[in-house]
Amino acid sequence: MIFHSLSKRSNLPGLRSGFVAGGPESIRRLKQLRNYSGAPLPTPLQAVAARAWADEAHVVENRNRMAAYLNVPNEKIASPYQVHSPDAIVTEKAWHEDRPIADGVVTNTPGLALGIVTADCGPVLFADGEAGVIGACHAGWKGAVNGVMESTIAQMETLGASTKNITAVLGP
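Residues numbered from 1 in each chain as written. Predicted model: local features only at pLDDT ≥ 70, side-chain atom pairs only at ≥ 80, totals over all residues. Heavy atoms only, no water.

1. Things to note about the overall build of the protein chain
Helix and strand counts for the protein chain stand at 5 helices and 9 strands. For the protein chain, the succession of helices and strands along the chain, N to C, is β-β-α-α-α-β-β-β-β-β-β-α-α-β. Put simply, the protein chain has 172 residues, and 33% of those count as buried. By sequence separation, contacts in the protein chain at least 24 residues apart represent 50% of the contacts at least 6 residues apart. Here the protein chain displays about 10700 Å² of accessible surface, and carbon together with sulfur accounts for 56% of that area. (Helix = DSSP H or I, 4+ residues; strand = E, 2+ residues; numbered from the N terminus. Buried < 20%, exposed > 50% of the residue type's maximum accessible area, 1.4 Å probe, protein only. Contact = heavy atoms within 4.5 Å. Areas by Shrake-Rupley, 256 points an atom, 1.4 Å probe, with all protein chains shown as cover.)

The structure is reproduced here in structure tokens:
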């Protein structure tokens, strides 16, 4: 697992941000999957994939790793239930059950981390350092075309952010 940090490349002092990506072997496999994604997956492999995705232990482990990397408690990561929508929401707290449905999330709550999960979609992180407002969105083609980035920025503006002060970074 590789953690990519943007804080050293940012002009926003005190902002910790990062992307988590698999190592070289994971990237190689992803490229291989993309090369063959048009072919139907054999039923036995579908069953294995369904079983693997039913196990939440790897999700918990990765959330714990990211929380440790960002130096925030796991229960302070707000990560919505994503559905490739254009919707963004404002939050003051994290959720772990009954997560709201949205593909963008915004906060101005100190100590609250935002989480967006992506596979082949682009995570976009936003920050207005002057207003103390951060946002994150899951920008797959459908959400991007339908305005998830614009919705995320609009929600940031409701908390006092200004488009002239927002820095945005597209992740891997």
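2. What about the side chain of aspartate 103?
Here aspartate 103 shows up in the loop between β4 (88–90) and β5 (104–107). Nearest to the buried, unbridged aspartate 103 among oppositely charged side chains is lysine 142, at 9.2 Å. From its side chain, aspartate 103 meets the backbone nitrogen of serine 85 in a polar contact 2.8 Å long. Every residue in contact with aspartate 103, bar those within four places of it in the chain, is listed here: Gln82, Val83, His84, Ser85, Asp87, Ile116, Ala136, Cys137, His138 and Val148. (Lys, Arg positive; Asp, Glu negative; His and termini not counted. Salt bridge = Lys/Arg side-chain N within 4 Å of Asp/Glu carboxyl O. Polar contact = N/O pair within 3.5 Å; in protein donor to acceptor, adjacent residues only side chain to side chain.)

3. Looking at helix α5 (residues 148–158)
Taken together, the buried positions of α5 are occupied by Val148, Thr152 and Met156. On an axial view of α5, the arc spanned by its buried residues comes to 85 degrees, and they lie on one face. Exposed side chains of α5 directed beyond 90 degrees from the buried face belong to Glu150 and Thr158. Those residues of α5 hidden inside the fold are in contact with β4, β5, β7 (122–128), β8 (133–139), α4 (141–146) and β9 (166–170). (Arc of directions from axis to C-beta.)

4. Observations concerning the pairing of β8
Walk down a regular strand and you will see the side chains alternate between the two sheet faces. With 6 of 7 residues buried, β8 is to be regarded as a mostly interior element. Here β5 pairs with β8 via 4 bridges, running antiparallel. For valine 106, the partnering residue across the bridge sits in β8 and is glycine 135. For β7 and β8, the ladder comprises 7 bridges, and the chain directions are antiparallel. The residue bridging leucine 125 from the neighbouring strand is alanine 136, located in β8. Linkage of β7 to β8, two consecutive antiparallel strands, is achieved through a turn of 4 residues, within which glycine 132 is found at a positive phi near 70 degrees. (Pairing = 2+ DSSP bridges.)

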